[in-house]
Amino acid sequence: MKKVSLEDISKELGVSKTLISFVMNGRAEEKRISKEMTKRVLAKAKEMGYKADYLARAMRTGKSNTLGLIIADISNSFFSRLARSIENEADKFGYNVIFGSSDEDGSKTGKLIDVFRNKKVDGIIICPTKSDKKYIENLQKDNYPFVLVDRYFSNISCNSVVVDNYQGSFQLTQKQLERGCKRLAYINFNSELTHMEQRLLGYKDALKINSIDIDNNLIKSVSYHNIEKDIKAVLDELLGKDGEIDGICFSNNHTAYVGIKYLINKYNKLLKGVSLSCFDTYDYMELLQMPFLSGKQPIEEMGKLAVDLIMQQIEEEDCFEPQRIILPINFPALKS
């Protein structure tokens, strides 16, 4: 079937191809084309099955009205909610969003950046892995619009939207200690990432300020790619002897999900004496019949601000000043 062109639509309506182009590119109001004519053009285009060639439009206008989004794992509720927030906010600017998951693999981030740039996206929002620094520096060198979200590199000055990981973790640990914990374990995740380093530091400083010695045997690190195996191993080690610990801090919702599932299956009888907490939350936590404390990250606000920053960068080009926005996390009432 022959592809419908702007010229085909113009012949059907008896108007110029230029007028059709202005309407299809969203410039009808700018060119003072009447609302009635705009409706006629859009209706005829839909009737004829017109499909816009976005790549050709991007080459012609310099803009594709599309953003790229690279997150760690779209199946994780934190990232799926973040992606949805970004998509909703981008829509307000007339932008679409293309998604990709890095799976905490820097090489995948690099491939996705190449794909997005080849597709002429106007900017990229990135949740970087620990090895993405070189890709971020290349984007910066090329003056390509981008914003980091959830994570950042302390020695790169660029637009970023993150939460206060140190203070959030400090408060979470403090609340655990106030509940009587003396032997509080900490399960860390991808500890090389800046935001995870900050969460661990918050945990340690809360112990120090409460005159509790830091026991490195209670601090365990697990990897993204072996998370189930790693968490089972560290929990077996921590709970192998009754009374060894009286609390566990999970550094993110993924470690908490895997860890709590294993605890319920194998250590259910011990859980009455172990206080649990998680830096972030999952919907399932509302259903747990055990005491736990979780932080609530402002995900919707993070997504909105990330889009606002990248749109500012796209529109103002060299005239913007990089911003690092740091948001607090909240703590809902403790479930007892």
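Everything quoted here is computed from the prediction, not taken from an experiment.

What about unusual backbone geometry?
Move 1: Even without glycine at this site, arginine 32 takes up a positive phi of about 60°.
Move 2: Relative to the assigned elements, arginine 32 resides in the loop between helix H2 (17-24) and helix H3 (35-48).
Move 3: You will see that lysine 120, though not glycine, has its phi angle at about 60°, which is positive.
Move 4: Structurally, the position occupied by lysine 120 is in the loop between helix H6 (106-118) and strand E3 (123-126).
Move 5: Judged by relative accessible area, which is 37%, lysine 120 ranks as partly exposed.

Considerations on the environment of serine 107
Move 1: Position of serine 107 among the secondary structure elements: in helix H6.
Move 2: By relative accessible area, serine 107 is classed as partly exposed at 35%.
Move 3: Along the chain, serine 107 and aspartate 132 lie 25 residues apart, while their C-alpha atoms are 8.2 Å from each other.
Move 4: A distance of 2.7 Å separates the side chain of serine 107 from the side chain of aspartate 105, its partner in a polar contact.

Some remarks on the side chain of asparagine 253
Move 1: Considering the arrangement of structural elements, one finds asparagine 253 in helix H11 (residues 253-266).
Move 2: For asparagine 253, a relative accessible area of 2% gives the class buried.
Move 3: A polar side-chain atom of asparagine 253 sits 3.3 Å from a polar atom in the side chain of asparagine 76.

Re the pairing of strand E11 (residues 324-327)
Move 1: Of the two faces of E11, the one holding Ile325 and Leu327 is buried and the one holding Arg324 and Ile326 is not buried anywhere.
Move 2: Looking at chain direction, strand E5 (residues 160-163) and E11 are connected through 4 bridges and run parallel. Considered in E11, the bridge of valine 161 is made with isoleucine 325.

Section: the pattern of salt bridges
Once the charged atoms of two side chains with opposite charge are near each other, the side chains can pair.
Move 1: Under the definition given, this model contains 14 salt bridges.
Move 2: The partner of lysine 44 in a salt bridge is glutamate 12, and the shortest N-O contact between them spans 3.9 Å. Taken together, the positions of lysine 44 in helix H3 and glutamate 12 in helix H1 (residues 6-13) put the pair 32 residues apart, joining distant regions of the chain.
Move 3: Given a relative accessible area of 15%, lysine 44 falls into the buried group.
Move 4: Put simply, Glu12, Lys44 and Glu47 are held in one network by salt bridges that share partners.

Conventions and cut-offs
Residues numbered from 1 in each chain as written. Predicted model: local features only at pLDDT ≥ 70, side-chain atom pairs only at ≥ 80, totals over all residues. Heavy atoms only, no water. Helix = DSSP H or I, 4+ residues; strand = E, 2+ residues; numbered from the N terminus. Buried < 20%, exposed > 50% of the residue type's maximum accessible area, 1.4 Å probe, protein only. Polar contact = N/O pair within 3.5 Å; in protein donor to acceptor, adjacent residues only side chain to side chain. Pairing = 2+ DSSP bridges. Salt bridge = Lys/Arg side-chain N within 4 Å of Asp/Glu carboxyl O.

Spatial relationships are all this shows, so hold off on functional conclusions.
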